Amino acid sequence: MTSLARWCLRRRFTVIVLWLVALVGTTVAATLSGSAYSNDYGVPGTESSRASALLEKAFPGESGDDKIVWHTGRGTVRANDVQQRMTATLHEIARLPGVAAVESPYASGGSVRISQDRHTAYASVTFVAKGGEPDKAQVERVVETARAAGSDNLQVALGGSGVAGTETASGHLSEIIGVVVAAVVLFVVFGSLAASLLPIATALVGVGTAAMGTVLLGHVMKVADFAPMLGTLIGLGVGIDYALFIVTRHRKGLRQGLPVAVAAERAVATTGRAVVFAGGTVCVALLGMLILRLGFLNGVAIAASLTVVLTVAASVTLLPALLGLIGPRALGRRERRRLAEEGPRAEEHPKGLAARWSAFVERHPKLLGAAAAAVMLVLALPTLSLHLGTSDQGNNPAGSTTRQAYDMLGRGFGPGVNGPLTLVAPLDSAADSLAFNKLPDTLRHTPGVASVTPSVLSGGGDTGVITVVPTTSPQSRATSDLVDRLRTTVLPKAAGGTGLDVRVGGVTAAYDDFAAVILGKLPVFVGTVVGLGCLLLLLAFRSIGIPLKAAAMNIAAVASSFGLIVALFQWGWGSEALGLGGAGPIEPFLPVVMVSVLFGLSMDYQVFLVSRMYEEWLATRDNRRAVRVGLAETSRVINSAAVIMIAVFLAFVLSGDRVIAMFGVGLAAAVALDAFVLRTLLVPALMHMLGGANWWLPAWLERVLPRISIEPPEPVAAFAGAREGSERDHDPHEVDGRLEDDLTALLDADGQPAERRVGEDVVVA
């Protein structure tokens, strides 16, 4: 790491240009190639995916769900003026580029698209798909043309997956707000404009390159449409935080009188190693999603990991180059003036609020620990009612055209029309065909079924399709129960002794299958992520208690954040007021992605807090002092980093995307609880109560464990003493490695001081 930092400092302009070339190059390539994201929840091997494949083979091009819906307040949709107006509009839309077909309710056989009260009607629209998705600009033109037909008595709205693509936020308001808030916090922390802008610049370059790389990744594998924004959300949060840690260490070196180059090298060689370790744990947690073997999540895992890798790379290469560029301006004017007048000063023990809080926790660990545990438990209680499913357009904001179309269809035709079930069966014999043709009569008398279409056979007569409209909405539990009842009871009984194999597909069936697969694999996934995290902490801190407490704290943070998500999004407490749409189920992939991200992010704070405690424990073997000093010296930086990350995450609530808003609220809540309740209250309280048991490790395990050092000791005294000589005799961008060699000779095999007096020995040397 020292060699890397030295190279980047010597060739800082080259490093900056290389990063800019990477950013511009990926941007140009992504712009020329366009996006190819997927929103396919299908899981190969499930019944719904087999039904979808069979339907596509027998009836190609008939899977579109986009609709133009209109409703009259006075009169009916059969009134001459309404019929003429909408017929002309539909003809105009049919001639627009990108439109494959329009099926009007006024055409022959279209009366099924007119409600019984004749106040609502809809037309089905099929778009020409390019790369799996219709062209957004062409769909927008259809929306504008249809909406123009509305009047005081005629309400027109559009719904469907293609139309929904036009409602995604096209701007970057959420990113801008998050970055601005982060910049303000950094300026307050550093007191230097130059220093506060460096973490922002580093994160933006890393995240921007990763975002464009994610666009290109979508052309070689399945990448969810929310993956770029999720990657940006994670990348901005961790990227700014990682750079904050390194700049903080660099400024500490400058205040101790080190030359700019030396301070930057030491910051990367010490805190930079911790950043690489922390970023690696985030990637390990994210890539844990690969064990689920779900194509939909593989792209999310790789895209998010790519973002973290590039932000870490920018932190340890681009950031030191920028630090060398701004020189001593990393310190504020007042700090530079004081350094010039008074000279370097030894780092003082923290005072003020951080020190008083640390002492307060030391005096009342049981009371404060119980209070923190109670808060986490209360917030986690809503998680017990978690309902996994996929929200539909009925959860969109009330003013959106998709929500208006959804509501009009529900009022006119019943809520089930927004998510009909599709029954598909291969017909291998005459007996199969006869049994399949009798199914509609059986299904009409099934509880939970609103209507059933007659059976329709493919051109070759080898495949049959029946559409079933439930009495409840697609995201309702009752609709999921109907799917289970059809699969396990109704259809097998109706098939009798024939070989008829009817497969239930449709939106609800696909979402239920997806959720079932994830829930089935979730224990293995969580166990893998938790196990790997505990192993890394065991190697780093050589303790049984530290990893176990970290696992418990991470699970507590996840459970409590999910409690808030359930209350806000599933129960609908304030979701409409915040512009997040109506109440609905929680996306089935949310637990997987949240666990991955949160376990990685929580590891950052755990490492930063406990490594300082561990250093003090090795020096004094006094657990109370170790916990008190570690908390006092790290809480300010942890809290500053948490405020930045919370601001970035909450800003994404403004994205207009319900899924991203869920991630934003959940991650912000988890980071807030982790930083302000767990790491600064519950963890130190537990460590005070456990005493020396915190650092217990069986002797046999001590012998077999390999030794790693996340953040090696920093020979500040040696470099401070050598400051004058290094400036006079050496290139200002070089570091005399002999001092490091001398220090290494005084360290034992652990890389830890052999005696507490090593600090004095180094000064003498």
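Residues numbered from 1 in each chain as written. Predicted model: local features only at pLDDT ≥ 70, side-chain atom pairs only at ≥ 80, totals over all residues. Heavy atoms only, no water.

Reading across from one edge, β2-β3-β1-β6 is the order of the four strands in this open sheet, with antiparallel pairing throughout. Each edge of the open sheet carries a strand with a single partner, namely β2 (99–103) and β6 (154–159). Within the sheet, the average angular offset between the axes of one strand and its neighbour, ignoring direction, is 20°. Where β2 meets strand β3 (residues 120–127), four bridges bridge the pair, whose relative direction is antiparallel. Residue pairing for β3: valine 102 is matched across the bridge by valine 125. Helix-sheet contacts for helix α5 (residues 136–147) involve β1 (66–72), β2, β3 and β6, and the interaxial angle to β6 is about 165°. (Pairing = 2+ DSSP bridges. Helix = DSSP H or I, 4+ residues; strand = E, 2+ residues; numbered from the N terminus. Axes fitted to C-alpha atoms, helices over the stretch in contact; angles between N-to-C directions. Contact = heavy atoms within 4.5 Å.)

Turning our attention to the packing of helix α20 (residues 590–620) against helix α21 (residues 623–651). One can describe the packing of α20 onto α21 by two numbers: an axis separation of 8 Å at closest approach and a directional angle of 160°. Put simply, α20 runs roughly antiparallel to α21. Crossing hand, α20 versus α21: right-handed. Counted by class, the contact of α20 with α21 contains 16 nonpolar, four polar and four charged residues. (Parallel < 35°, antiparallel > 145°, perpendicular 65-115°, else oblique. Left-handed = near helix turned anticlockwise from the far one by under 90°. Nonpolar A, V, L, I, M, F, W, Y, C, P; charged D, E, K, R; others polar.)

A pair of packed helices is captured by two measures, namely the crossing angle of their axes and the spacing between those axes. Direction vectors running N to C along helix α9 (residues 227–255) and helix α10 (residues 260–287) enclose 155°, while the axes themselves pass 8 Å from each other. Taken together, the axes of α9 and α10 are roughly antiparallel relative to one another. Every pair of crossing elements has a handedness; the one defined by α9 and α10 is right-handed. Seen from α9, the contacting residues are Tyr242, Phe245, Ile246, Arg249, His250, Gly253 and Leu254; seen from α10, they are Val260, Ala263, Ala264, Ala267, Thr270, Thr271, Gly272, Val275, Ala278, Gly279 and Val282.

So, on to the pattern of salt bridges. Inspection of every chain in the model, using the stated rule, returns 14 salt bridges. Put simply, arginine 628 and glutamate 362 hold a salt bridge, and the shortest N to O gap is 3.2 Å. One end of the pair, arginine 628, is in helix α21; the other, glutamate 362, is in helix α13 (residues 353–363), with 266 residues separating them in the sequence. With relative accessibility at 26%, the residue arginine 628 sits in the partly exposed group. Through salt bridges with shared partners, a single ionic network connects Glu47, Arg487 and Asp513. (Salt bridge = Lys/Arg side-chain N within 4 Å of Asp/Glu carboxyl O. Buried < 20%, exposed > 50% of the residue type's maximum accessible area, 1.4 Å probe, protein only.)

Quick look at a nonpolar patch on the surface now. A surface patch of nonpolar side chains, about 320 Å² in accessible area, is lined by Leu173, Ile177, Val181 and Leu654. Note that valine 181 resides in helix α7 (residues 173–190). (Patch = residues over 30% accessible without salt bridge, like charges linked within 9 Å, V, L, I, M, F, W, Y side chains within 5 Å. Areas by Shrake-Rupley, 256 points an atom, 1.4 Å probe, with all protein chains shown as cover.)

Here the focus is the nonpolar core. Counting 157 residues, the largest nonpolar core has Phe226, Leu297, Phe589, Phe649 and Phe663 as its most contacted members. By residue number, the principal contributor to this core is helix α22 (residues 658–690), which donates 19 residues. Ignoring sequence-local partners within four residues, the contact set of phenylalanine 649 consists of Leu233, Ile234, Gly237, Leu601, Gly664, Leu667, Ala668 and Val671. In terms of nonpolar packing, the next biggest core, distinct from the first, is built from 24 residues, Leu90, Val142, Ala146 and Val156 among them. (Core = buried A, V, L, I, M, F, W, Y, C linked by side-chain atoms within 4.5 Å.)

The final tally for this structure, using the stated rule, is seven aromatic pairs. Between phenylalanine 541 and tyrosine 614 the ring centres are 5.8 Å apart and the planes differ by 85°, which places this aromatic pair in the edge-to-face class. Here phenylalanine 541 is found in helix α18 (residues 507–541), whereas its partner tyrosine 614 is found in helix α20, with 73 residues between them in sequence. Joined through ring pairs, the aromatic side chains of Phe541, Tyr614, Trp617 and Trp695 make up one cluster. (Phe/Tyr/Trp six-rings, centres within 6.5 Å; stacked < 30°, edge-to-face > 60°.)

The terminal C-alpha atoms of helix α2 (residues 12–33), which comprises 22 residues, lie 32 Å apart, in line with the 32 Å expected from a rise of 1.5 Å per residue. If you check which residues of α2 are buried, you get Arg12, Val15, Ile16, Trp19, Thr26 and Ala30. One face of α2 carries all of its buried residues, which in axial projection span an arc of 105°. Across α2 from its buried face, at more than 90 degrees, point the exposed residues Phe13, Leu18, Val21, Val24, Thr31 and Leu32. Of the surrounding secondary structure, the elements contacted by the buried residues of α2 are α1 (2–10), α8 (193–217) and α11 (295–326). Once α2 finishes, glycine 34 follows within two positions and takes phi at roughly 75°, a positive value. (Expected span 1.5 Å × (residues − 1). Arc of directions from axis to C-beta.)

With respect to the helices and strands, serine 473 occurs in the loop between β10 (463–470) and α17 (477–495). Looking at serine 473, the relative accessible area reads 18%, which means it is buried. Among all residues touching serine 473, those that are not within four sequence positions of it are Tyr406, Pro415, Gly416 and Thr479.

Right, let's get into helix α3 (residues 47–58). Spacing of three or four residues puts side chains on the same side of an α-helix, whose turn is 3.6 residues. With 12 residues, α3 extends 17 Å between its outermost C-alpha atoms, agreeing within 8% with the 16 Å of an ideal straight helix rising 1.5 Å per residue. Along α3, the residues classified as buried are Glu47, Ser48, Ser49, Ala51 and Leu54. In the core, the buried residues of α3 are packed alongside β7 (421–426), β10, α17, β11 (503–506) and α18.

Even without being a glycine, arginine 118 presents a positive backbone phi close to 65°. Along the chain, the position of arginine 118 falls in the loop between β2 and β3. For arginine 118, a relative accessible area of 41% puts it in the partly exposed group. Backbone geometry places arginine 621, a non-glycine residue, at a positive phi of 55°. Mapped onto the fold, arginine 621 is located in the loop between α20 and α21. Taking the relative accessible area as the measure of exposure, arginine 621 reaches 53% and is therefore exposed.

In terms of residue burial, β6 counts as a mostly covered element, since five of its six residues are buried. Judged from the six bridges that link them, β1 and β6 form a sheet pairing that is antiparallel. Paired with tryptophan 70 across the strands is valine 156, a residue of β6.

Another point: the environment of serine 3. Relative to the helices and strands, serine 3 resides in helix α1. Taking the C-alpha atoms as reference, serine 3 lies 8.2 Å from glutamate 265; in sequence the two are 262 residues apart.

Right, let's get into a positive patch on the surface. A cluster of basic residues, Arg333, Arg334, Arg337 and Arg338, forms a positive patch at the surface. Residue classification places arginine 338 among the partly exposed positions, given a relative accessible area of 35%. (Lys, Arg positive; Asp, Glu negative; His and termini not counted. Charge placed at Lys NZ, Arg CZ, Asp CG, Glu CD.)

Considering the arrangement of structural elements, one finds tyrosine 242 in helix α9. Using a relative accessible area of 1% as the deciding quantity, one classes tyrosine 242 as buried. Spatially, the C-alpha atom of tyrosine 242 lies 7.3 Å from that of valine 312, the residues being 70 residues apart in sequence. Setting aside anything within four residues of it in sequence, one finds tyrosine 242 in contact with Val275, Ala278, Gly279, Val282, Val312, Ser315 and Asp604. Here the side chain of tyrosine 242 touches glycine 279 through a polar contact of 3.5 Å, landing on its backbone nitrogen. (Polar contact = N/O pair within 3.5 Å; in protein donor to acceptor, adjacent residues only side chain to side chain.)

Its place among the elements puts lysine 521 in helix α18. Separated by 228 residues in the primary sequence, lysine 521 and arginine 293 place their C-alpha atoms 9.5 Å from one another. Once you skip the residues sitting within four places of it in the chain, lysine 521 turns out to touch Leu292 and Arg293.

Judged by how many residues are buried, β10 sits mostly within the fold: seven of eight residues are covered. Relative to β10, β7 runs antiparallel, the two being bridged by six bridges. The residue of β10 that forms the bridge with valine 424 is valine 465. Examined bridge by bridge, strand β8 (residues 449–452) and β10 share three bridges and lie antiparallel to one another. Across the sheet, valine 452 pairs through a bridge with valine 468, a residue of β10. In this sheet, β10 lies alongside strand β9 (residues 456–457) in antiparallel orientation, the contact comprising two bridges. Bridge assignment links valine 456 to a residue of β10, and that residue is valine 465. Between β9 and β10, which follow one another and run antiparallel, lie five residues, and glycine 461 among them has a positive phi close to 75°.

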